[in-house]
Amino acid sequence: MFARRIAVIGTGYVGLTTGACLASLGHRVVCADLDRDKIKRLAAGELDICEPRLAELVADGLASGRLSFVATAVAAITEHEGGAEVVFLCVPTPMGVGGVADLSAVESVVEECREHLPAGCIVVNKSTVPVGTAARTSELLGRADVAVVSNPEFLREGAAVADFLSPDRIVVGCDDQDGAEKVAALYARLGAPTVLTDAASAELVKYAANCFLAMKLSYVNAVAELCERLGADINDVTEGMGYDRRIGKEFLRPGPGWGGSCLPKDTAAMLQVADSADFEFRLLRATIDTNTRQRQRMVDKVRLAVTGDRKGSLSHMRLGLLGLTFKAGTDDLRDSPAIAVAALLRQAGAELVAYDPGLPPSAARPEFGLLRVVDDAYQAADGVDALVVLTEWPEFRNLDWPRLAELVRGRVVVDSRNLLDQDRVRRAGFAWTGVGRRGSDRFAATS
Ligand code: NAD
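Draft legend 1. Representation of the overall build of the protein chain in the model. Helices and strands together make up the secondary structure of the protein chain, namely 16 helices and 14 strands. Here the C-alpha radius of gyration of the protein chain, 24 Å, is about what a compact globule of 447 residues would show, namely 22 Å. Each principal axis of the C-alpha atoms in the protein chain carries an extent, and together these give about 70 × 50 × 40 Å. Looking at the 447 residues of the protein chain, the share that counts as buried comes to 54%. Residue pairs in contact within the protein chain that sit at least 24 positions apart in sequence constitute 71% of those at least 6 positions apart. Across the protein chain, the 51 positively charged side chains and the 60 negatively charged ones have centroids separated by 5 Å.

Written out as structure tokens, the structure is:
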């Protein structure tokens, strides 16, 4: 394999993983980020994000000289002798006004770099962007000697390195076959199935995949609600569904609704893409609406469990929240369903104390205005009317439930992730309610 000279712009979950992993595959990588302090820390081997194996790969890359960090995108391109051959854009594409993807970071990097790209260079978009962005990037570049390639990223936070190095597939789209093949060759050592296509199709793969995952989760949350009404059990239903290879076992767990940095913004952007193509994507709209409803449903569950009344007041009730991150194994709070449910509980008047194993209580985050973050689950339980599990951290299963029972004011657990061993929790004297589970304790509804 020959090593390419690579620039990576943006060193968040996607950019840092891409840079460190490509360096581990033998390429020479220079990374840049707007955040100069972050760049200084990265150059010293210090990471802001927690991802298994990532710190080790960054340290190895720094030590081998194959990975380095600079302050500007232009420097990342020109630092290489002869200039970068491939420039990866890994900058944010957040939800903009009306759900449209905000491409200002992509556009500003393109503007900044256009005159500094060597002839024959390839610009690769790894950020999640709407169909037409590769074409628009080419237009903005105004460089016939630079190819623009779409190479969407599918990694999951919490497993970013493993997903990057053992991907289910690699998708590379370019209207110029040579550019697509050169980018695909960067990953040759991974031996993953590779889809080579045009830029528009590659861009659509990412949205279509994420929207499908969101739809699967909304579907399962709706089936869980039906289970509650019919007296069926969602665990048995999804087990029976999951053995069907056409369906698969993944993404069949009900919960407080989907969230995170990708699914909410990508579903909203896909709706906009469909609207602009004059296509009413009703299935996707229903997927999003079902998700919004699911969060409110969790609040209603807490209301019923704590007050015995579906419309009971949570005013001045104290709740201990277990988990705040959007899923276990990450410290990411972006669009976390746990935070969304917490905000609704707060709005309903509840006082909130929370513990999350991924977040040090000293971490100052704007979301913490809603609640008080404490050091462990036992502090979160002190004097509360109910415990509410919002993130599926495995360690919550092994808490000392008899000790928690001594600490709480009300022995009630609402388990929005169906995570806990209900028998163990009940043996400690708690009433337990899950999502779509037949075994949930019934609370007397007075309305
Ligand atoms: P992130 O917020 O973690 O990181 C983005 C980085 O880009 C930040 O460090 C920021 O400082 C930097 N940045 C912003 N503007 C810049 C500029 N003009 N020049 C240089 N650096 C700049 O974002 P992320 O989670 O890595 O996501 C990046 C893209 O990848 C998004 O489009 C996202 O949808 C997509 N994606 C994310 C994931 C995920 O799980 N996080 C998975 C697949 C795809």
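Anyway, onward from the coordinates.
Draft legend 2. The domain arrangement of the protein chain, seen in detail. Split into domains, the protein chain comes out as domain 1 (5-196) and domain 2 (198-447). Facing 31 residues of domain 1, the contacting portion of domain 2 comprises 25 residues. Roughly 2200 Å² of surface becomes buried between domain 1 and domain 2 when both sides are summed, with 59% attributable to carbon and sulfur atoms. Contact with domain 2 buries area across many residues of domain 1, yet T128, V131 and E157 alone supply 26% of it, more than any other trio.

Draft legend 3. Representation of the site of the ligand within the structure. Near the ligand there are 26 residues, and of these D33, K38, T93, E157 and K265 occur at the shortest range. Within the complex, the protein chains bury 89% of what would otherwise be the 840 Å² of accessible surface of the ligand. Those elements that place two or more of their residues in the shell around the ligand are helix 1 (13-24) and helix 5 (104-113). With 3 residues, the single largest contributor to the shell around the ligand is helix 5. A per-class count over the shell around the ligand returns 11 nonpolar, 8 polar and 7 charged. Lining the shell around the ligand are residues from two domains, each supplying at least three of them: domain 1 (5-196) and domain 2 (198-447).

Draft legend 4. Just the packing of aromatic side chains, in detail. Applying the stated rule across the entire model yields 4 aromatic pairs. Between F279 and F281, the ring centres sit 5.3 Å apart and the planes meet at 55 degrees, which makes this aromatic pair tilted. Since its relative accessible area comes to 45%, F279 is described here as partly exposed. A centroid spacing of 6.3 Å and a plane angle of 65 degrees characterise the contact between Y355 and F396, whose relative ring orientation is edge-to-face. A residue pair is termed long-range when its members are at least 10 positions apart, and Y355 in strand 10 (residues 351-355) and F396 in the loop between strand 12 (386-389) and helix 15 (401-407) qualify at 41 residues. Positioned over the ring face of F154 is R169, at 3.6 Å from the centre of the ring. Above the ring of Y378, the side-chain terminus of R403 is found at 3.9 Å from the ring centroid.

About the criteria used
- Residues numbered from 1 in each chain as written.
- Predicted model: local features only at pLDDT ≥ 70, side-chain atom pairs only at ≥ 80, totals over all residues.
- Heavy atoms only, no water.
- Helix = DSSP H or I, 4+ residues; strand = E, 2+ residues; numbered from the N terminus.
- Rg over C-alpha atoms; globule rule 2.2 N^0.38 Å.
- Buried < 20%, exposed > 50% of the residue type's maximum accessible area, 1.4 Å probe, protein only.
- Contact = heavy atoms within 4.5 Å.
- Lys, Arg positive; Asp, Glu negative; His and termini not counted.
- Charge placed at Lys NZ, Arg CZ, Asp CG, Glu CD.
- Domains from an automatic or database assignment.
- Buried area = accessible area lost by both parts, 1.4 Å probe.
- Near = heavy atom within 4 Å.
- Areas by Shrake-Rupley, 256 points an atom, 1.4 Å probe, with all protein chains shown as cover.
- Nonpolar A, V, L, I, M, F, W, Y, C, P; charged D, E, K, R; others polar.
- Phe/Tyr/Trp six-rings, centres within 6.5 Å; stacked < 30°, edge-to-face > 60°.
- Lys NZ or Arg CZ within 6 Å of the ring centre and 35° of its normal.

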